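Now for the letters of each chain:
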Amino acid sequence: MVLFSGFSFAQTATSVYLMPWPQSLEVAQGHLKIVPNIQLIIPNDSSDRIQFSATQFLRNLSNKTGVFITNGFPLTVVDNSNTSIIIKYDRIGKLEIHEDESYQISFKNNQITLTSVTDLGALHALETLLQLVNNNESYFYSQEVSIQDEPRFTWRGLMIDVARHFQPVDVIKRNLRGMASVKMNVFHWHLTDDQGFRIESKLYPKLQELGSDGLYYTHEQIKDIVKYADNLGIMVIPEIDIPGHATAFLAAYPELASKKQDYSIERNAGIFHPTLNPINPKTYEVLDGLFSEIAPLFTSKYVHIGGDENEGKHWDENPLIQAFKLKHGFKTNHDLQTYFNIKLEKILAKYGKKIMGWEEIMTPNMPTSAIIHSWKGVNEGKKPLTSLIEAAKKGYQTVLSNGFYIDLMQPVQEHYAVNPLPSNLDLSPTERKRVLGAEATLWSELATPLTIDSRIWPRTAAIAERFWSSENKQDLQHLQERLPYISDQLEQLGLTHNSYKNVLFRNITKSENIAPLQILSKVCEPLKIYTRNKGGTEYQSYSPFTLFADACTPDATDAVLFNLAVELFLKSPTENNKKTILKWLKKWQANHLAFKKLTVNPLIKNITPLSKNLAVLSEITQQKLTGTAVDSNTIKALLKAATKDIQDVELTVISSFTKLLY
Ligand code: ACM
């Protein structure tokens, strides 16, 4: 046996493509063949969760391998002569923080045993086992391994914003499935914002009638998703974002606003002023009613109350609110928001819930029973982890999202590098324990049901590893080796982060001929860090999100390969390394010829300069590499033209071209 644990290992020889990487893994030489009579054995008194996940495992195993499994359902009795997967766990786990999610996998003869304290651990073991399945020319097998695994953090979340763009039940479910496959356990459901109130209220139906364009979840749908998530070992945290981010809320109930004006659903992106009135008793009456309905739909103890980005403009403009502040000795709007939050805390406590909120709720007098969600980052002039450290020191449990804003379209390694709890952080052991974990956040201003998976995956698989695996697991090359396998598996499980591209390409070409767009898109990325949709007004929520930029994704695959090839060539300018580069350049030149043969329409016309810039740069770079003199002013002009974003897309090979041309 070879021991691969934590940091020090080299993996390629073993063909183990796990993500997240386990805490401890021993790889044996042998492997166990996936045969039709393989059995999956579960205890007699298994939970719904295990029944569901074990059955799904068999379906997925069958689909992955094409093996016609005879017993396509879990059994309770072992036949020792058959290849068996045996699940053993001590008790049903609770979907709560700090629950035991550890598991072990061992192989002996023709049996694979998955051992865990809770059924939640068993679920993780099944996901690991599915990822272990590999093949040679003749058959599918699982590498024989011995694994002992447990999460680094108890809170491994993904937030999906369904307010800016509504995401139907099936979109949520397939993303939950993806989360489970990489061992994430918290789904934070951002249900309301300025652009939509997406949860039904039976007591205050105007909320969905006037606040959602008819796009909201009914109570039955919410319960269905919560149950589905439970079966996958995922707890669901609903967020009702108040008192700010409340335009849609106030479109329904303007009498609860801090300022008298007309309210209608916001169609742009950004930070807006409409805010609930914290001194109006009716505000609390409505919130009490609303939470009395919402709280029982969710099994988790926490309700996220948002609380972010309330700049208090409408509070400042309201003389009654100002007088109230004076009377109560509230010096700042933060004090007033604390007053609001504490009232909310009491309302939620009545319904058995505790508060979670964005870091703005961390004000003096805020009870430490609240979870502080740290999100503000370098953009606001704060060092990463600032509010996380502050929260932990002040006695709050806390969750990190700064560094995990996946809507920013940043490369995977930038998120992978963010450590929610570095070992050298100035926190005592007690304070460190308060850092529950972290959450990736997908804000959906630019993400529709068609594109959202590609804005989440596969990068979130790498982020999930950051949340689960050892802090020492930092090897980028190893990440890049595994990510394509994991990405493909996520699609097999129902996600659409690659397949959707062809749908958009066909919409652009209005034909089946999409190859030139496919090739071009592999060196193009959507603009990053809010440079797309400047000011939040270039796109409205009803704008087209079927553009070439929407079909492009971070970590454009050919750009990554080309940029590596250029690095290699610059370090070691051999003929062979040059040949690799010339191959790419010829490909892109030829691609533009194919592009020009597409039947022209306005959508194609818009992106033709992208293809042309790439082709022209490819041409002169070939000349340069093969010894033909190229005029430096021409180079300058071409690079300048190609650096400009076109249709919210950037060519992510320009810096490599620059290096080759200068
Ligand atoms: C946030 O990004 N406003 C929490």
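The structure displayed is predicted, hence computed values, not measured ones. (Residues numbered from 1 in each chain as written. Predicted model: local features only at pLDDT ≥ 70, side-chain atom pairs only at ≥ 80, totals over all residues. Heavy atoms only, no water.)

Re the side chain of Thr441
- For Thr441, the position within the fold is in strand β18 (residues 435–442).
- Judged by its relative accessible area of 0%, Thr441 falls in the buried class.
- Sequence-distant contacts of Thr441, defined by excluding residues within four places in its chain, comprise Met159, Trp358, Ser401, Phe404, Tyr405, Ile406 and Asp407. (Helix = DSSP H or I, 4+ residues; strand = E, 2+ residues; numbered from the N terminus. Buried < 20%, exposed > 50% of the residue type's maximum accessible area, 1.4 Å probe, protein only. Contact = heavy atoms within 4.5 Å.)

Some remarks on the packing of aromatic side chains
- Within this structure, the stated rule accounts for 25 aromatic pairs.
- Between Tyr17 and Tyr485, the aromatic rings sit 3.7 Å apart at their centres with planes inclined by 15 degrees, giving stacked as the arrangement. Of this pair, Tyr17 sits in the loop between β1 (2–5) and β2 (24–33) while Tyr485 sits in helix α16 (residues 476–492), and the two are 468 residues apart along the sequence.
- By relative accessible area, which is 17% here, Tyr17 ends up buried.
- Measuring from centroid to centroid gives 6.3 Å for Trp588 and Phe657, while their planes differ by 55 degrees, and the two rings are tilted. Of this pair, Trp588 sits in helix α21 (residues 575–596) while Phe657 sits in helix α24 (residues 654–661), and the two are 69 residues apart along the sequence. Accessibility assignment for this pair places Trp588 and Phe657 in one class, buried. (Phe/Tyr/Trp six-rings, centres within 6.5 Å; stacked < 30°, edge-to-face > 60°.)

A short note on the state of the cysteines
- All told, the structure shown has zero disulfides when counted by the stated rule.
- Not part of a disulfide, Cys524 finds its nearest cysteine sulfur in Cys552, a span of 4.9 Å. (Disulfide = S-S within 2.5 Å.)

Points about helix α7 (residues 281–294)
- Between its first and last C-alpha atoms α7 spans 20 Å; for 14 residues at 1.5 Å apiece the expected length is 20 Å, and the two agree.
- Most of α7 sits out of view: ten of its 14 residues are buried.
- Within α7, the full set of buried residues consists of Thr283, Tyr284, Val286, Leu287, Asp288, Gly289, Leu290, Phe291, Glu293 and Ile294.
- For α7, the side-chain oxygen to backbone nitrogen distance between the N-cap and Lys282 is 2.9 Å, and the N-cap itself is Asn280. (Expected span 1.5 Å × (residues − 1). Polar contact = N/O pair within 3.5 Å; in protein donor to acceptor, adjacent residues only side chain to side chain.)

Some thoughts on the pattern of salt bridges
- A complete count under the given rule lists 31 salt bridges for this structure.
- Of the charged contacts, one joins Arg164 and Asp193 as a salt bridge, the two residues approaching to 3.3 Å between their closest N and O atoms. Of this pair, Arg164 sits in the loop between β9 (155–161) and α3 (169–181) while Asp193 sits in strand β11 (residues 192–193), placing them 29 residues apart in sequence. Here the two residues Arg164 and Asp193 agree in accessibility, since each one is buried.
- Between Lys528 and Glu650 there is a salt bridge, with the nearest N and O atoms lying 2.7 Å from each other. (Salt bridge = Lys/Arg side-chain N within 4 Å of Asp/Glu carboxyl O.)

A few points about the pairing of strand β5 (residues 103–108)
- Side-chain alternation along β5 places Tyr103, Ile105 and Phe107 on a buried face and Gln104, Ser106 and Lys108 on a face that remains uncovered.
- One ladder, built from six bridges, connects β5 with strand β6 (residues 111–118); its direction is antiparallel. Looking at the pairing, Tyr103 lines up with Ser116 of β6.
- Bridge analysis of β5 against strand β8 (residues 140–149) gives three bridges, and the strand direction is antiparallel. Note on β8: the bridge partner recorded for Ile105 is Ile147. (Pairing = 2+ DSSP bridges.)

Thoughts on the sheet that holds β9
- On the basis of which strands lie adjacent, the closed barrel formed by eight strands has the order β9-β10-β13-β14-β15-β16-β17-β18 and parallel pairing. Direction aside, neighbouring strands of the sheet carry axes that sit 25 degrees apart on average.
- Where strand β14 (residues 302–306) lies against strand β15 (residues 354–358), three bridges are found, and the strand directions are parallel. Directly across from Val303, in β15, lies its bridge partner Ile355.
- Its contacts with the sheet put helix α11 (residues 386–394) on β16 (371–374), β17 (397–400) and β18, and the angle it makes with β17 is roughly 165 degrees. (Axes fitted to C-alpha atoms, helices over the stretch in contact; angles between N-to-C directions.)

A closer look at the environment of Leu203
- Turning to its location among the elements, Leu203 is positioned in the loop between β12 (196–197) and α4 (206–211).
- As for Leu203 and Asp241, which are separated by 38 residues in sequence, their C-alpha atoms are 18 Å apart.
- Once residues lying within four places of it in the same chain are set aside, the contact partners of Leu203 are Gly289, Ser292 and Glu293.

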